[in-house]
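Chain by chain, the residues run as shown.
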Amino acid sequence: MTRIFSFDDLPTADLVVDAIYEGGSAGNTSSDPIAKLLPGAGNQGGFRASGPGLKKKFVVLYSSGEEGDWPDRLDLNTGQFTYYGDNRTPGHDLHDTTRRGNLLLKVAFESAHGDAVKRAEVPPFFVFTKCPTAKSNRSVQFKGLAVPGLFGLPMTEDLVAVWKTTAGERFQNYRAVFTVLDTATVSRAWIDSLSASESALASAPSAWRSWVESGVYSPLTSEPTKVIRSESEQRPDTPLKAGILEQVWAKFKDSPHAFESFAARIYQLSDRRVIIDEITRGSVDGGRDAIGRYLLGLSGDPVYAEFALEAKCYRPASEGVSANTVGVREVARLISRIRHRQFGILVTTSLIARQAYEEVRDDRHPIVFICGRDIAEILIQAGYNSSERVGELLAEWLA
C-alpha cells in the first residue's frame, strides 16, 4: 500500500520514492505540500528553485501531467526522466523566463558535463508529480532524486532546444533528460543541510555522492511485475489524447488501407531507427500491412532486424461506447506471418484484448503492441500536440 504523509507531518518527513505527500485543506496556495515539505521551494509552478542567483540549494521539478504540449515522462524501466523547461508560450527568448528555469537548466547541464568540482555545483533535482487524494487536490507524489544527463546519451542530446508552434507562432523550449538515481529515501537531515547551505556531500545519498565524485550514473530501474497493460492503461488518460485519437479514428475508419501507411508512420515516429521498406497492397499483404527493418548496429556498419506490421483501425472506447478490441484471431494472424529472426508490430486505434495480450506475452512471441493511447502520445511527442496540428497532418495524409 502506498505510504501517505499528512500535511501536518511534512516539515519533518523524509522523501520516500512513490510516497504521497498530502496538501492542506485551505483551498489556496497555502495548502501546497511542496512548499511545506521543502522550505524555500515556493508554492506554485513546475520549476521551483531554492536559493538566490544561479547556484541553487536544490530544485524541484513538478509535473502535473496535464501539459499536452510538454509531455514530461518518467521511464520506470530505465530511470530516464524527460522534463520540458519553462519557456512555454510565444514571445520570449529561450532563457527569458520569469523563474529563469531554462537558464538554470543550461548552467546545471554544463556543470554536469564538467569534472568533480563542477558537478559539485549542480543542485539536487527533486521530481514530483500531481497526485490528488480524497483530502486534497494539491497532493503530490515523490518520484525520485535526479541528476542531469543519462548514461549512454551524448552530451549534445541531453539538453536540446526544441521548436514548438502555438497559434501560428514559433518559439523554443528545452527538452531536458535526467537520470533518477537509485535512492529509495532522501533523508530529512540532508534536506535540512541543503536548506542551511551547509556542506552537504557527507550526508548525501550514496548514489548522489558517487555521481558527484566520479560521474557514474546509478539509475533507479524497475522491472514491471505484470506482463500486460490493462485496458485502462491502453486508453487515453487525458482529454487531449482522447481527442487526438478520436480524430485519427474518424479520419481513417472508412479508409482502412490508408490507415496502414499511417500506422507505419506512427511506428517510425516512435523510434528513429525504424525504416519502412514497403506498404503492402491490400489484396496481397498476406497478413502484413507493412514491412521494414530496425537498425541495431552503427549507421556505418548496420545490422538490421526485419519486422512485419499490421494495422487495425478499430473503434476506440468513448463515452457510452465500448471499444472494438483486437482479439486472439487478429494477433494470431500476424504471428503466423513472422519468419525466423523477425518481429511483429500491431498498431490499433483501439485496445488489445486481455486474452490476446496474455497469450502473446506468455508464449514470448516478439510482438510490439501500439494501442490507442500510444498513438496519441507518439503524435504529441512528435509535435502534433493539438487538434489543429493533427488535423493538418491527417488532411495532408489523405489529400
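Computed from a predicted structure; not experimentally measured.

It is worth spelling out the pattern of salt bridges at this point. On inspection of all chains with the given rule, the structure shows 17 salt bridges. The salt bridge partner of D18 is K143, with a shortest N-O separation of 2.8 Å. Linking D18 in the loop between β2 (15-16) and β3 (20-21) with K143 in strand β9 (residues 140-148), this pair joins segments that are 125 residues apart in sequence. The partly exposed category is assigned to D18, whose relative accessible area is 35%. Here E310 makes a salt bridge to R333, at a shortest N to O gap of 2.6 Å. Taken as a pair, E310 in strand β15 (residues 304-312) and R333 in helix α9 (residues 328-337) lie far apart in primary sequence, 23 residues in all. A relative accessible area of 1% places E310 in the buried class. On the basis of relative accessibility, which here comes to 32%, the residue R333 falls in the partly exposed class. Three or more residues are tied together by salt bridges with common partners; here these are D237, K241, R373 and E377.

The angle between the axes and the distance between the axes are what describe a pair of packed helices. Two numbers describe how helix α8 (residues 256-270) lies on helix α11 (residues 372-381): the axes approach to 9 Å, and their chain directions differ by 60°. In terms of axis orientation, α8 runs oblique to α11. Note that α8 runs across α11; the crossing there is left-handed. Contact with α8, carried on its side by F259, F262, I266, L269 and S270, involves I375, I378 and L379 of α11 and no other residues of that element. Among the residues making up the contact of α8 with α11, the classes are represented as 7 nonpolar, 1 polar and no charged.

This paragraph deals with the side chain of R119. Of note, R119 is situated in helix α3 (residues 116-119). Here R119 occupies a buried position and makes no salt bridge, while the nearest side chain of opposite charge, D115, is found at 6.4 Å. A distance of 2.9 Å separates a polar atom in the side chain of R119 from the backbone oxygen of G114.

What follows concerns the nonpolar core. Among the nonpolar cores identified, the biggest contains 53 residues, and L15, Y21, L38, F126, F128 and F178 are the most heavily contacted of them. The residues contacting L15, other than those within four sequence positions of it, are Y21, L37, L38, F126, F128, F142, A184, T185, V186 and I191. If you look at the next biggest cluster of nonpolar residues, it comprises 30 residues, including V347, I370, I375 and A376.

Turning our eyes to something else, we now look at unusual backbone geometry. Negative phi is the rule for most residues except glycine; trans is the rule for most peptide bonds. Unusually for a residue other than glycine, D18 sits at a positive phi of about 70°. Phi is positive for R341, close to 70°, though the residue is something other than glycine. Relative to the assigned elements, R341 resides in the loop between α9 and β16 (342-348). Looking at R341, the relative accessible area reads 72%, which means it is exposed.

Take the packing of aromatic side chains next. Scanning the model with the defined rule gives 18 aromatic pairs in all. Each ring, one from F109 and one from F178, has its centre 5.3 Å from the other, and the planes form 70°; the classification is edge-to-face. On the criterion of sequence distance, the pair formed by F109 in helix α2 (residues 101-112) and F178 in strand β11 (residues 169-180) is long-range, its members being 69 residues apart. Of the two residues, F109 and F178, both sit in the buried class. Ring plane angle 45° and centroid distance 5.4 Å describe the contact between F307 and F343, whose orientation is recorded as tilted. Pair noted here: F307 is in strand β15 and F343 is in strand β16, with a separation of 36 residues, a long-range link. On the accessibility criterion, F307 (1% relative accessible area) is buried. Through successive ring pairs, a cluster of aromatic residues spans F5, Y21, F58, F126, F128, F142, W190, W208, W211 and Y217. A cation over a ring is seen here: K36 above F7, with NZ or CZ 4.1 Å from the ring centre. When the ring centre of Y304 is taken as reference, the NZ or CZ atom of R293 above it lies at 4.6 Å.

Criteria and thresholds
Residues numbered from 1 in each chain as written. Predicted model: local features only at pLDDT ≥ 70, side-chain atom pairs only at ≥ 80, totals over all residues. Heavy atoms only, no water. Salt bridge = Lys/Arg side-chain N within 4 Å of Asp/Glu carboxyl O. Helix = DSSP H or I, 4+ residues; strand = E, 2+ residues; numbered from the N terminus. Buried < 20%, exposed > 50% of the residue type's maximum accessible area, 1.4 Å probe, protein only. Axes fitted to C-alpha atoms, helices over the stretch in contact; angles between N-to-C directions. Parallel < 35°, antiparallel > 145°, perpendicular 65-115°, else oblique. Left-handed = near helix turned anticlockwise from the far one by under 90°. Contact = heavy atoms within 4.5 Å. Nonpolar A, V, L, I, M, F, W, Y, C, P; charged D, E, K, R; others polar. Lys, Arg positive; Asp, Glu negative; His and termini not counted. Polar contact = N/O pair within 3.5 Å; in protein donor to acceptor, adjacent residues only side chain to side chain. Core = buried A, V, L, I, M, F, W, Y, C linked by side-chain atoms within 4.5 Å. Phe/Tyr/Trp six-rings, centres within 6.5 Å; stacked < 30°, edge-to-face > 60°. Lys NZ or Arg CZ within 6 Å of the ring centre and 35° of its normal.

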